[in-house]
Amino acid sequence: MKLKYKFLAIAATALLTLGVTSSCSDDDFTSSIFDTTEYPLDRSSVTFPLDTFCIENFRIPYNLRYVYKMEDIGSDMQKNLIPASYEKSKQLAVLAKYLWYDSYVTCAGEEFLKLYSPRIIHVIGSKSYNPVSGTETLGEAEGGLKITLYGANELDVNDIDLLNENFFKTMHHEFGHILAQNYTYPTSFSLISQGLYNTMDWQDTPDSLALAEGFVSPYAMSQIREDWVEVLANYVVKDTITWEGMLNTASFDWEEKEIDAQYYNTCLRNGANRDSVGYYISDGTTNTQGQVTGYNVVRKVISRDADDNPLLDEEGKMIYLEQDGVNGREVIIQKLDLVRTWLKDNFNVDLDELRREVQMREWVTDSEGNFVIEDGHLVNKLTAPAEEGSSKTLMETLLEEVDKFEALQQ
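Residues numbered from 1 in each chain as written. Predicted model: local features only at pLDDT ≥ 70, side-chain atom pairs only at ≥ 80, totals over all residues. Heavy atoms only, no water.

Draft legend 1. Here's a closer look at the overall build of the chain. When helices and strands are counted, the chain shows twelve helices and twelve strands. Scored against the burial criterion, the 410 residues of the chain give a buried share of 48%. Look at the contacts in the chain between residues 6 or more apart in sequence, and 70% of them connect residues 24 or more apart. Summing over all exposed atoms, the chain offers an accessible surface of approximately 20,900 Å²; the carbon and sulfur share of this is 49%. (Helix = DSSP H or I, 4+ residues; strand = E, 2+ residues; numbered from the N terminus. Buried < 20%, exposed > 50% of the residue type's maximum accessible area, 1.4 Å probe, protein only. Contact = heavy atoms within 4.5 Å. Areas by Shrake-Rupley, 256 points an atom, 1.4 Å probe, with all protein chains shown as cover.)

Below is the structure:
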């Protein structure tokens, strides 16, 4: 039995068709798509603090509804979904403002967000699984108006990488779709990886193989428009160490090879006779008794003899081969340059400045603005002291922006 890979897919729904009617009367159009009648909030409600925060920080400045009390009519009725908890909704709200909206305000200004921001952010507590394809939908963008985020109940501020993967890469990804509805990406981008997109089986592609073909993620292989926004989103949220690691992986050709269990147990598992650096076990095969009989190894392509043993050069080093004619690293950099130019020309947004702003909000920096590295990893800023000598973390300080409205409750 071959086990399927589990990849986190980011789905974007088709454009919403807007109907337009005409009238001979002098219609009085408002600047908001919502009912602008002001209804007083229930001060006795336990959700009053978050509701007030959302009005002041999302509705008033950006005409945005942050919907965390799940609305069935706005959800996928074919899936078993549950609402987000109040505490997780509160965490996601302050993080969305701090890491997404405030970052764009700093780099592009409030008018940019007022013009291009979605009008609804719909937060769902549970994950959204797609049983047929074996994938998981992290978010959806609908008609340039609404972004849906799933899995809020599993939000964990202690893990920035997972936080980015599940939420903030998704936000930048879906926002990228919205921006692309205003200005289409250049035709030249569509030609770079022509013939390499895989709409049916992208979820079965290991990360390394996708990178070698010039895609920043397996999902980027699904279609051109997903490739475009995946480049944007990954570059913004991936720290320098991770991004350079991705480019290094993309520099090599990779292959998937089935090996028998005995060879794995006697050689690879213990690190002996390793014939290629960077290999990893992707999945296993079993017999009818459930015993593992073999493994699929993803490894760099090197020169080998007839017995599949590596051939070395005169210096005793492995000979890495380029077989598919694609330099993944160069392709990704080429795609990134097009995204960078597109953002600057059409929106006057500096992609590198945006990336720097986002990451300085996520990771601890020293007095000179350099990222602090401990044990080979950047240090989580959200769980670090908000200020030197402070007993409160940055996340606790952000949450105080909601909690301060508790004083107004009855």
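Draft legend 2. Focus on the packing of aromatic side chains. A full pass over the atoms with the stated rule returns 24 aromatic pairs. Between F53 and F58 the ring centres are 6.2 Å apart and the planes differ by 90°, which places this aromatic pair in the edge-to-face class. Summarising the aromatic geometry, the rings of F58 and Y101 are spaced 5.6 Å apart at their centres and angled 65° between planes, so their arrangement reads as edge-to-face. Residue F58 is found in helix α1 (residues 48-62), and its partner Y101 is found in helix α2 (residues 86-108); the two are separated by 43 residues along the sequence. (Phe/Tyr/Trp six-rings, centres within 6.5 Å; stacked < 30°, edge-to-face > 60°.)

Draft legend 3. Structural context of unusual backbone geometry. One non-glycine residue, N63, adopts positive backbone phi at about 55°. Among the secondary structure elements, N63 is positioned in the loop between α1 and β2 (65-67). Of note, the phi angle at D375 is positive, near 55°, even though the residue is not glycine. Tracing the chain through its elements places D375 in the loop between β11 (373-374) and β12 (377-378).

Draft legend 4. Main features of the packing of α2 against helix α4 (residues 160-182). Where α2 meets α4, the closest approach of the two axes is 12 Å, and the angle between their N-to-C directions is 45°. Classified by the angle their axes make, α2 and α4 are oblique. The crossing of α2 and α4 is right-handed. On α4, the residues that touch L92, L95, A96, L99, W100 and Y104 of α2 are L163, F167, F168, M171, H172 and F175. (Axes fitted to C-alpha atoms, helices over the stretch in contact; angles between N-to-C directions. Parallel < 35°, antiparallel > 145°, perpendicular 65-115°, else oblique. Left-handed = near helix turned anticlockwise from the far one by under 90°.)

Draft legend 5. Region of interest: the confidence of the model for the chain. Looking at the chain as a whole, the pLDDT averages 82, with 80% of positions reaching at least 70. Counted against residues more than four places away or in other chains, residues 1-27, with its pLDDT under 50, gives 73 contacts. For residues 271-277, every residue scores under 50 in pLDDT, and the model assigns this stretch 20 contacts once sequence neighbours within four places are set aside. (pLDDT = per-residue confidence, 0-100.)

Draft legend 6. Highlighting the pattern of salt bridges. Counted by the stated rule, this structure contains 20 salt bridges. In this structure, E357 and R361 form a salt bridge, with 2.9 Å as the shortest nitrogen-oxygen distance. In this pair, E357 and R361 both sit in helix α11 (residues 351-362), four residues apart, roughly one turn of the helix. Its relative accessible area of 19% is what places E357 among the buried residues. Since its relative accessible area comes to 13%, R361 is described here as buried. Among the salt bridges present, the one from E400 reaches K392, with a minimum N-O distance of 2.4 Å. (Salt bridge = Lys/Arg side-chain N within 4 Å of Asp/Glu carboxyl O.)

Draft legend 7. Geometry of the pairing of strand β3 (residues 120-123). Taking every second residue as pointing to the same face, both faces of β3 are buried, with I120 and H122 on one and I121 and V123 on the other. Pairing between β2 and β3: three bridges, direction parallel. For R65, the partnering residue across the bridge sits in β3 and is I120. When β3 meets strand β7 (residues 146-149), the two strands line up parallel, connected through four bridges. Looking at the pairing, I120 lines up with K146 of β7. (Pairing = 2+ DSSP bridges.)

Draft legend 8. Spotlight on helix α8 (residues 240-250). Within the sequence span of α8, burial applies to W243, M246, L247, T249 and A250. Axial view of α8: buried residues confined to an arc of 160°, hence all on one face. Capping the start of α8 is the job of one residue whose side-chain oxygen sits 3.0 Å from the backbone nitrogen of I241: D239. (Arc of directions from axis to C-beta. Polar contact = N/O pair within 3.5 Å; in protein donor to acceptor, adjacent residues only side chain to side chain.)

Draft legend 9. The arrangement of the side chain of Q359 in detail. Summarising the element assignment, Q359 is placed in helix α11. Discounting residues that sit within four places of it in the chain, Q359 has contacts with Y235, V236, V237, K238, D239, T240 and F371.

Draft legend 10. Structural view of the environment of N158. Looking at the secondary structure, you find N158 in the loop between β7 and α4. Of the residues examined, N158 reaches a relative accessible area of 56% and is grouped as exposed. Those residues in contact with N158, other than ones at most four positions away along the chain, are N380 and T383. Reaching out from N158, the side chain makes a polar contact with the side chain of D156 at a distance of 2.9 Å.

Draft legend 11. Expanded view of the side chain of E226. With respect to the helices, strands and loops of the structure, E226 is situated in helix α7 (residues 224-237). This buried residue, E226, is left without a salt bridge; R225 holds the nearest opposite charge, at 4.0 Å. (Lys, Arg positive; Asp, Glu negative; His and termini not counted.)

Draft legend 12. Main features of α1. When the terminal C-alpha atoms of α1 are compared, their 20 Å separation across 15 residues agrees well with the 21 Å that a helix rising 1.5 Å per residue should span. Bending of α1 peaks at approximately 40° at the position of I55. With eleven of its 15 residues buried, α1 lies for the most part within the structure. Within α1, burial applies to F48, P49, L50, D51, T52, F53, C54, N57, F58, P61 and Y62. (Expected span 1.5 Å × (residues − 1). Bend = angle between axes of the 7 residues up to and from the residue.)

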